[in-house]
Amino acid sequence: MQRVMLVEDDARLAALVKEYLDEYDYAVDVVTRGDRALEHFRDTQPDLVILDLTLPGVDGLVVCRQLRQLSAVPILILTAREDSFDEVSGLEQGADDYVNKPVQPRVLLARLRALQRRGSGAANSDIVIGQLRISHENRTVHWRGQEVAMNSVEFKLFVILAEASGKVMSRNAILVKMRGIEFNGLDRSIDNCISRLRRKFGDGGAERIKTVWGEGYLLSPSAWE
């Protein structure tokens, strides 16, 4: 049985989510205030977190950042906020998924299971490519023995490229993996993030993360020796 911490001040919605997930062997603890979430997390050590953004006490984005500093637990933001700024902020603060209310219970369940699969498949294995090492468990990247600082979005994109090392990843495939949405031809967030990642690896960044024109991006395995 998986333990879930649901941080949600809407009592009716919290009760519905709890009742539904209980049927699928999830033990759900409901926390109604943002300023109580961190203490509850320390006390119960849940396997998954579902987090609203609009909370009394402390805003959900702050809670997300606090939780991520404490643990690599999967965090799913479930919120009525539809501004793309909030979505980007949530992911940058460390969330693993972002879902808008209202959401069908079966969709929420599918998202939770996807986070579980992602976590269980990667938790005990690092990605090692030449002198590059990526730790899923610690959410860290080391290059030639030195840690490379990355925010949550950069780390997630870098992992996607590293897991497909030697293969071209299209913008559409990357966006689907990161956010569950398809590329609309206008979103430049992936390109901007790639530019930031390249700068982190110095002058050879463009050779290590290559642009394949008309197709997407490729992490070159031979460039990390």
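Each remark here, short or long, concerns the structure printed above.
Predicted, not measured: the structure shown is a model, and the values here were computed from it. (Residues numbered from 1 in each chain as written. Predicted model: local features only at pLDDT ≥ 70, side-chain atom pairs only at ≥ 80, totals over all residues. Heavy atoms only, no water.)

Our next topic: the overall build of the protein chain. Looking only at helices and strands, one finds 9 helices and 11 strands in the protein chain. The C-alpha radius of gyration computed for the protein chain amounts to 18 Å, which stays within 12% of the reference 17 Å derived for 225 residues, consistent with globular compactness. Relative to all contacts within the protein chain whose residues are 6 or more apart in sequence, the contacts with residues 24 or more apart total 58%. Put simply, the protein chain has 30 plus and 33 minus side-chain charges, and the middle of one group is 4 Å from the middle of the other. (Helix = DSSP H or I, 4+ residues; strand = E, 2+ residues; numbered from the N terminus. Rg over C-alpha atoms; globule rule 2.2 N^0.38 Å. Contact = heavy atoms within 4.5 Å. Lys, Arg positive; Asp, Glu negative; His and termini not counted. Charge placed at Lys NZ, Arg CZ, Asp CG, Glu CD.)

A rise of 1.5 Å per residue sets the reference length of helix 6 (residues 152-163), with its 12 residues, at 16 Å; its end C-alpha atoms lie 16 Å apart and thus fit the reference within 8%. Most of helix 6 sits out of view: 11 of its 12 residues are buried. Looking at helix 6, one finds that the buried residues are S152, V153, E154, F155, K156, L157, F158, V159, I160, L161 and A162. Residue N151 occupies the N-cap position of helix 6, its side-chain oxygen lying 3.1 Å from the main-chain nitrogen of V153. (Expected span 1.5 Å × (residues − 1). Buried < 20%, exposed > 50% of the residue type's maximum accessible area, 1.4 Å probe, protein only. Polar contact = N/O pair within 3.5 Å; in protein donor to acceptor, adjacent residues only side chain to side chain.)

Within the structure shown, the criterion is met by 6 aromatic pairs. Ring centres 5.3 Å apart and planes at 20° place the aromatic pair F158 and F201 in the stacked group. Separated by 43 residues along the polypeptide, F158 in helix 6 and F201 in the loop between helix 8 (189-200) and helix 9 (205-208) bring together distant segments of the chain. Take F158 and F201: they sit in the same class, and that class is buried. Ring geometry for F201 versus W224: centroids 4.9 Å apart, planes at 90°, classification edge-to-face. With a gap of 23 residues between them, F201 in the loop between helix 8 and helix 9 and W224 in the segment after strand 11 (216-219) connect regions that are remote in the sequence. (Phe/Tyr/Trp six-rings, centres within 6.5 Å; stacked < 30°, edge-to-face > 60°.)

Before going further, it helps to examine the sheet that holds strand 1 (residues 2-7). With parallel pairing, the 5 strands of this open sheet are ordered in space as 2-1-3-4-5. Two strands lie at the open edges of the sheet, namely strand 2 (26-31) and strand 5 (97-100), each paired on one side alone. For this sheet, the mean inter-axis angle between neighbouring strands, taken without regard to orientation, is 20°. Packing of helix 3 (residues 60-70) onto the sheet brings it into contact with strand 1, strand 3 (48-51) and strand 4 (75-79), and relative to strand 3 it is tilted by some 165°. (Pairing = 2+ DSSP bridges. Axes fitted to C-alpha atoms, helices over the stretch in contact; angles between N-to-C directions.)

Take the pairing of strand 5 next. Where strand 4 lies against strand 5, 4 bridges are found, and the strand directions are parallel. Residue pairing in the sheet places T79 in a bridge with N100 of strand 5. At this point the chain moves from strand 4, through helix 4 (residues 84-92), to the parallel strand 5, and the crossover so formed is right-handed. (Right-handed = clockwise from strand over helix to strand, strands pointing away.)

The strands that make up a sheet pair up through hydrogen bonds in the backbone, lying either parallel or antiparallel. If you trace the 4 strands from one edge of the open sheet to the other, you get 6-7-8-9, paired in antiparallel fashion. The sheet is open, and its two edges are formed by strand 6 (127-129) and strand 9 (146-147), each paired on a single side. In terms of strand pairing, strand 8 (residues 140-143) meets strand 9 through 2 bridges, oriented antiparallel. Within strand 9, the residue paired with W143 across the bridge is Q146. The strands touched by helix 6 within the sheet are strand 6, strand 7 (132-135) and strand 8, with strand 7 carrying the most contacts at an inclination of about 120°.

Below, the discussion takes up the environment of L109. Inspection of the secondary structure assignment puts L109 in helix 5 (residues 105-122). Among all residues touching L109, those that are not within four sequence positions of it are Y20, L21, Y24 and Y26.

This part takes up the environment of C193. Along the chain, C193 falls in helix 8. On the basis of relative accessible area, C193 is assigned to the buried category, the value being 2%. Each C-alpha atom, one on C193 and one on R113, is 27 Å from the other, the two residues being 80 residues apart in sequence. Aside from chain neighbours lying at most four places away, what touches C193 is V153, E154 and L157.

What follows covers the pattern of salt bridges. With the rule as written, the count across this model stands at 14 salt bridges. Put simply, R139 and D96 hold a salt bridge, and the shortest N to O gap is 3.6 Å. Remark: D96 occurs in the loop between helix 4 and strand 5 and R139 occurs in the loop between strand 7 and strand 8; sequence separation between them is 43 residues. Owing to a relative accessible area of 9%, D96 belongs among the buried residues under this scheme. Among the salt bridges present, the one from D191 reaches R171, with a minimum N-O distance of 2.9 Å. Linking D191 in helix 8 with R171 in helix 7 (residues 171-179), this pair joins segments that are 20 residues apart in sequence. Judged by its relative accessible area of 11%, D191 is buried. Taken together, the salt bridges that share partners define one network made up of E8, D52 and K101. (Salt bridge = Lys/Arg side-chain N within 4 Å of Asp/Glu carboxyl O.)

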